[in-house]
Amino acid sequence: MSQFDLNVATRASQSALLPVVLIATSINEARPTPVINIVYQDTALLQDGEKAIVQLVAGSKSVFGTTEVINELTAHFPFLTGKDAKVEAEWLSQLDSLTTLDFKALDPILQRIDSHLLLRSFLVGYSLSTPDIAVWGALRGNRVAAAALKKGSLVNFTRWYRFLEELCPWTNAAVESMNAVAKEKKVAKAKEGASYDIALKGTENGVPSGYLHIGHAKAALLNDYFAHEKYNGTLLLRFDDTNPSNEKQEFEDAIIEDLALMGIKPNKMTYTSDYFDELYDYCIKIIKQGDAYADDTDKETMQKQRWDGIPSGRREMAAEESLAHLEDMKSGSAEGLRWCIRAKISADCPNKAMRDPVIYRCNPAAHHRTGDKWNIYPTYDFACPIVDSMEGVTHALRTIEYRDRNPQYQWMLDTLKLRNVQVWDFARMNFIKTLLSKRKLTKLVETGAVWGWDDPRFPTIRGIRRRGMTIPALREFILKQGPSKNVTNFDWALIWATNKKYIDPVAGRHTTIYTKDAVKTTVTGGPSAPYSEEKPLHAKNAAVGNKKVIYSSSILLEQEDVKSFKPDEEITLMNWGNAFIRKISTNAETGIITNLEVELNPTGDVKKTEKKVTWLAEEGQDLIPVELVDFDHLLNKDALTEDDVLEDCLNKHTEFRDVGVADCNVANLKENDIIQFDRKGYYRVDRAYSPGSPAVFFNIPSGKTK
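Here's what I pulled together on the structure shown here. (Residues numbered from 1 in each chain as written. Predicted model: local features only at pLDDT ≥ 70, side-chain atom pairs only at ≥ 80, totals over all residues. Heavy atoms only, no water.)

### Description of the sheet that holds strand E1 (residues 4–9)
Link 1 in the chain: In spatial order, the strands read E2-E1-E3-E4; together these 4 strands make up an open sheet with mixed pairing. With partners counted over all chains shown, the strands left at the sheet margins are strand E2 (36–41) and strand E4 (61–64), one partner each. The sheet shows a mean angle of 20° between the axes of neighbouring strands, direction not considered.
Link 2 in the chain: Relative to E2, E1 runs parallel, the two sharing 6 bridges. Residue pairing across strands places Leu6 opposite Ile38, the latter belonging to E2.
Link 3 in the chain: Lying on the sheet, helix H2 (residues 66–76) is in contact with E1, E2, strand E3 (54–58) and E4; it crosses E4 at an angle near 130°. (Pairing = 2+ DSSP bridges. Helix = DSSP H or I, 4+ residues; strand = E, 2+ residues; numbered from the N terminus. Axes fitted to C-alpha atoms, helices over the stretch in contact; angles between N-to-C directions. Contact = heavy atoms within 4.5 Å.)

Next up, the structure:
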């Protein structure tokens, strides 16, 4: 039971409410079970307390007011305090000023925050603290601050705001759960670009269920949106573990972890295996009703009969005989293995999903949760509607590949006289040259055609994250598509362009030179000895930090750049200055340029040169060996047809590696850091540098088509 009650008047200013709500939510998120019960009241003021909009009740003690409640909470739960109490108090004292909707009054405050964050990631100290969450909440609820954020002119403020949004994925869910109470404020930012008005009936306490597969992020995010943001309902995550031969704990773990990465937190997690006893009883019931029968028709014949609309020879078997065969199946005997149970719906319905589908089959393999208790298991199509109804699911959101099976879903509910469930189907998000079939993806993993489920060529959450996709970009792109039923094949360039918006403002800039035929270059008029200068990692965002740039009279240039040079031509050495080409030495046999001599021109105008090239000093720094990896689509055609053979449609060469050296600062990068190599693009660190082992970088598409 919660130890505290937080009463919130949701019709009050969001800017004043959110600091308290988010602090309380952060405390709940940090504990195994919530200790603060947040009670949303659809009112402008609470009944107790003069002009009070928030109230904390702790036993017999009541505290009113935004700052007062925050102070009381942090006194009881100090894990977000202790950095610098005086500075923290100063920030919290400014919360009232952040609620103003007067831009002239708010702008100087935002400018101060922007300046304060110039060289900082957090408002106080070096880790997340109460002021970060409270100030973020005040600004999140202020529409004037939101407008300033969209302009992007306050670079440090914007970077900090987005960073906290990704660091604390529960923030937006907390905001929208409060919005659901205040009906006039329930339009969430994630709704932009798509209509979510799909008229779900009776959604005051809707419980959409999520049928999650690896890579099926759209279903998860839409279920999460309707459950937590639009209808203030409950999100149920259920694992359909009805086939022990295919169940793997690693898949369940991956789904849970990937949901967390996307900021999705199901209210409840269950397994179909939790209901095996009840499902078995329903199987007996449906047989006794005469609505199901046992069948030992071999698989190939059954498929042909269903396709041709021919009834099985066992269709009119007596219920007692079918029940006897069910017992054989339950025992796992050789006789039982021959049989299955089929629903008696129709033999020749135009919708082939209705042609007596199998609802129970025998499989003596041990189940990873129930062990050897069962030798028979329900099919998904039988179990799903029953468990949906039993668990109180009111709305099942399903992708349209289930559309033909929706009448079958309804038949199960009607035949077994179970509570009805409203179904809404939406188009799955398809991408060109992309496999989304779990069966085909599994085949590629098992045959070694790819590295694993996190292969950066895979459309799994882990795959695209390993390629460099950020979670905020993924959420934005998917939620903008909405729950439309229209089937669309997207180009990957669209989602990568969304991703670029998030990584470009914070990706530090570095330099790398391909080592193949790299050209040793002598710089005359340059430094007599190597020296270094501190330069910003990002020309437009000083908060990203600084890097050390080494200048020397001996530098490296790339062969492809040098091949385009002409004697006495003026070029620009990026981030240094202009130079004239004075001498080009070429291997007469190979045509490879081996040496170059350039003369610095300190007065040259970089705006007037046609060629601007990257370079690296050979002396004065330890150049870091790197591998730059790029990828192509796995498929060589936009979409597979039923007649296509998978192996014939796979690109033979989809991985491209280049070897190079990079500036000394690259030695400090960590796995998952995202940077930009000048003139080469954005990259994610897949393996950080260690002595004797080069750093490995995966190219992140920018959204531009090649």
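Let us keep going from here.
### Topic: the sheet that holds strand E24 (residues 593–601)
Link 1 in the chain: Reading across from one edge, E25-E22-E23-E24-E18-E21-E26 is the order of the 7 strands in this open sheet, with mixed pairing throughout. Each having just a single partner strand, strand E25 (612–613) and strand E26 (616–617) make up the two edges of the open sheet.

### Section: the side chain of Lys547
Link 1 in the chain: Here Lys547 lies in strand E20 (residues 546–551).
Link 2 in the chain: A polar contact of 2.9 Å, which involves the side chain of Lys547, links it to the backbone oxygen of Arg509.
Link 3 in the chain: Not counting the four nearest positions on each side in its chain, Lys547 is found in contact with Arg509, His510, Glu533, Glu534, Lys535, Pro536, Leu537 and Asn665. (Polar contact = N/O pair within 3.5 Å; in protein donor to acceptor, adjacent residues only side chain to side chain.)

### As for the packing of aromatic side chains
Link 1 in the chain: If you walk through the whole model with that rule in mind, you get 24 aromatic pairs.
Link 2 in the chain: Here the aromatic rings of Phe431 and Phe490 are separated by 5.9 Å at their centres, their planes lie at 45°, and the arrangement is tilted. Linking Phe431 in strand E14 (residues 430–431) with Phe490 in strand E15 (residues 489–490), this pair joins segments that are 59 residues apart in sequence. Summarising the burial analysis for this pair, Phe431 and Phe490 share the class buried.
Link 3 in the chain: Relative to Phe631, the ring of Trp451 has its centre 5.9 Å away and its plane inclined at 70°; by these criteria the two rings are edge-to-face. (Phe/Tyr/Trp six-rings, centres within 6.5 Å; stacked < 30°, edge-to-face > 60°. Buried < 20%, exposed > 50% of the residue type's maximum accessible area, 1.4 Å probe, protein only.)

### Thoughts on the pattern of salt bridges
Link 1 in the chain: The final tally for this structure, using the stated rule, is 36 salt bridges.
Link 2 in the chain: Asp258 is paired through a salt bridge with Arg462; the nearest N and O atoms lie 3.1 Å apart. Of the two residues, Asp258 sits in helix H10 (residues 249–261) while Arg462 sits in helix H18 (residues 461–467), which places them 204 residues apart along the sequence.
Link 3 in the chain: Residue class for Asp258 comes out buried when judged on its relative accessible area of 5%.
Link 4 in the chain: Judged by relative accessible area, Arg462 falls into the partly exposed class, the value being 30%.
Link 5 in the chain: Via salt bridges that share partners, Asp296, Arg314, Glu335 and Arg338 belong to a single interconnected network. (Salt bridge = Lys/Arg side-chain N within 4 Å of Asp/Glu carboxyl O.)

### Side note on the pairing of strand E27 (residues 624–631)
Here is the key point about a regular strand: its side chains alternate between the two faces of the sheet.
Link 1 in the chain: For E27 and strand E28 (residues 655–662), the ladder comprises 8 bridges, and the chain directions are antiparallel. By the bridge assignment, Glu627 is partnered in E28 with Val659.

### What about the packing of helix H11 (residues 276–288) against helix H13 (residues 319–331)?
Link 1 in the chain: For the pair H11 and H13, interaxial distance at closest approach is 9 Å and the crossing angle is 155°. Comparing their axes, H13 and H11 come out roughly antiparallel. Handedness of the crossing formed by H11 with H13: right-handed. Across from Tyr280, Cys283, Ile284, Ile287 and Lys288 in H11, the residues of H13 making contact are Ala319, Ser322, Leu323, Leu326, Glu327 and Lys330.
Link 2 in the chain: Of the residues that constitute the contact of H11 with H13, the class distribution is 7 nonpolar, 1 polar and 3 charged. (Parallel < 35°, antiparallel > 145°, perpendicular 65-115°, else oblique. Left-handed = near helix turned anticlockwise from the far one by under 90°. Nonpolar A, V, L, I, M, F, W, Y, C, P; charged D, E, K, R; others polar.)

### Things to note about the packing of helix H4 (residues 103–116) against helix H6 (residues 143–151)
Link 1 in the chain: Closest axis-to-axis distance for the H4/H6 pair is 10 Å, and the angle between their directions is 55°. Judged on the interaxial angle alone, H6 and H4 are oblique. Like other packed secondary-structure pairs, H4 and H6 cross with a definite hand, here right-handed. Between H4 and H6, the residues in contact are Phe103, Leu106 and Leu110 and Val144, Ala145 and Ala148, respectively.
Link 2 in the chain: Here the residues of the contact of H4 with H6 sort into 6 nonpolar, no polar and no charged.

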